[in-house]
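# Inside the fold
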Amino acid sequence: MTEPWRPDEDGQRRGASGPVRVRVPAKVNLHLGVGPLRRDGFHELNTVYHAISIFDELTARRGDTLSLTMEGEGTGELALDDTNLVLRAAHALAGYAGVMPHARLHLRKQIPLAGGLAGGSADAAATLVACDALWGTGLTREELATVAADLGSDVPFLLHGGTALGTGRGETVSPVLARPTSWYWVVAIADGGLSTPEAYREIDRLRDNGAAGPPLGSTDALLAALRQRDPRVLAAALGNDLQDAALAMRPALADTLKAGQAAGALGGLVSGSGPTCVFLAADAADADRIAAEIEAAQVCRQARVAYGPVHGARILY
């Protein structure tokens, strides 16, 4: 772990002298209930977030300016300018803490772009944690969550990780209290991404035309299923109001969901706004088998095995 800040002789805070490396997970929505459009342009959400073991890593070093480089998923596709959530997060933290936004940032991505796994939000959360340590701003997780909420609805959750209830537009996060249990997932990653704003517009259009299924409503059944610690019970409670939109925008996802069912997954759904699909397995060995069968069906770019819940953004060194 990087040494926490401590005052210099003049009482000023001192940040890390060496690099700060932060690991941050992807998220899936075990329940994603999409309510009506609000006056601020967002939808009212009731969701259950779940952090899984697919990780991005961000390393922050001292620098004379703010810069970003990257490797891995999305290299050459993801803009590295001020539209990037990493740089936006660094600027937001610097403005909140009253420091200069100077750092050399390097992103190592494994979370697919625009995949419904909150990769951009994860990277923003990692940046807040890394730059807080690098600059010695000494903010609490609650203060970082305040900054995070202005960056995106999923960012506050990814600071904390685990399993949590999200309300409002998703930015108000409350941990789900349940006995420790590991759930095993197969994550079917599609070629290309889907736009989250377009998915929300599509679900509004489908509802206006009577072409969407009934809204999910309360998270009570999903939360009760988590407490039972039985993967079959949890599988029956999974749900995503945006799945209709994702299927309308990418009809081939129906084949991915059918392949998971044929492979014996206990349950499956589109993750968030898609196009990633996730499938619940009985255990780790079952997940390995299901992943191999889904890949053999050639209905996705890659099928990865993951488990959850895992911690949110954490300093490795």
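Within every chain, residues take consecutive numbers counted from 1 along the sequence as written. At least 70 in pLDDT is required for a residue's local features to be given in this predicted model, at least 80 for side-chain atom pairs to be given and counted, and no such filter applies to totals for whole chains, interfaces and linings, which use all residues. As a convention, hydrogens and water are excluded, and side-chain values are obtained from all of the structure's heavy atoms.

## As for the pairing of strand β12 (residues 277–281)
Under the scheme applied here, a residue whose accessible area is under 20% of the maximum for its type counts as buried, over 50% as exposed, and between as partly exposed, the area being computed with a 1.4 Å probe on protein chains only. Each helix corresponds to a stretch of at least 4 residues labelled H or I by DSSP, and each strand to a stretch of at least 2 residues labelled E; elements are numbered beginning at the N terminus. Across the five residues that make up β12, a large majority, five, are buried. Taken together, the five bridges between strand β9 (residues 183–189) and β12 define a ladder with antiparallel strand orientation. Bridging across to β12, Y184 finds its partner in A281. Of the strand pairs in this sheet, strand β11 (residues 267–270) and β12 are connected by four bridges, and their pairing is antiparallel. Strands are treated as partners if at least two bridges between them are detected by DSSP.

## Some details on the environment of H106
Along the chain, H106 turns up in strand β6 (residues 103–109). Here H106 falls in the partly exposed class, since its relative accessible area comes to 23%. Separated by 36 residues in sequence, H106 and M70 have C-alpha atoms that sit 5.3 Å apart. Only heavy atoms enter the contact rule, under which two residues are in contact if any of them lie within 4.5 Å. Discounting chain neighbours no more than four positions away, the residues touching H106 are E57, L58, T59, T69, M70 and E71. One polar contact links H106 to T69, side chain to side chain, over a distance of 2.7 Å. Polar contacts, as used here, are pairs of N or O atoms within 3.5 Å; protein pairs need one atom able to donate a hydrogen and one able to accept it. Residues neighboring in sequence count only if both atoms are side-chain atoms.

## Let's talk about the side chain of H31
In this fold, H31 is placed in strand β3 (residues 20–37). Not counting the four nearest positions on each side in its chain, H31 is found in contact with N46, T47, V48, L216, G217, S218, T219, L222 and G239.

## Quick notes on the nonpolar core
L105, L128, W185, L226 and L234 are the most contacted members of the largest nonpolar core, which totals 73 residues. In terms of residue count, helix α2 (residues 119–135) provides more of this core than any other element does, eleven residues in total. Once residues lying within four places of it in the same chain are set aside, the contact partners of L105 are L58, T59, A60, L66, S67, L68, T69, V86, L87, A90, T127 and C131. Nonpolar core, defined: a set of buried Ala, Val, Leu, Ile, Met, Phe, Trp, Tyr and Cys residues in which side-chain atoms within 4.5 Å join the residues together. Core analysis: the next-biggest nonpolar cluster, separate from the first, contains 18 residues, L257, A265, I290 and A303 among them.

## Looking at the pattern of salt bridges
Salt bridges are identified by distance alone: a Lys or Arg side-chain nitrogen within 4 Å of an Asp or Glu carboxyl oxygen. Using the criterion set out here, one finds 13 salt bridges in the structure. A salt bridge links D40 to R38; the nearest nitrogen and oxygen atoms lie 2.6 Å apart. Under the relative-accessibility criterion, R38 is labelled partly exposed at 24%. The network of salt bridges with shared partners includes E73, D191, R301 and R304.

## Some details on unusual backbone geometry
With an omega dihedral of 5°, the bond running from G274 to P275 counts as a cis peptide bond. Looking at the element boundaries, P275 is found in the loop between β11 and β12. The amide bond that connects G308 to the next residue, P309, takes the cis arrangement and shows omega of 5°. Phi angles above zero are rare outside glycine, and A114 is one such case at about 45°. Position of A114 among the secondary structure elements: in the loop between β6 and α2.

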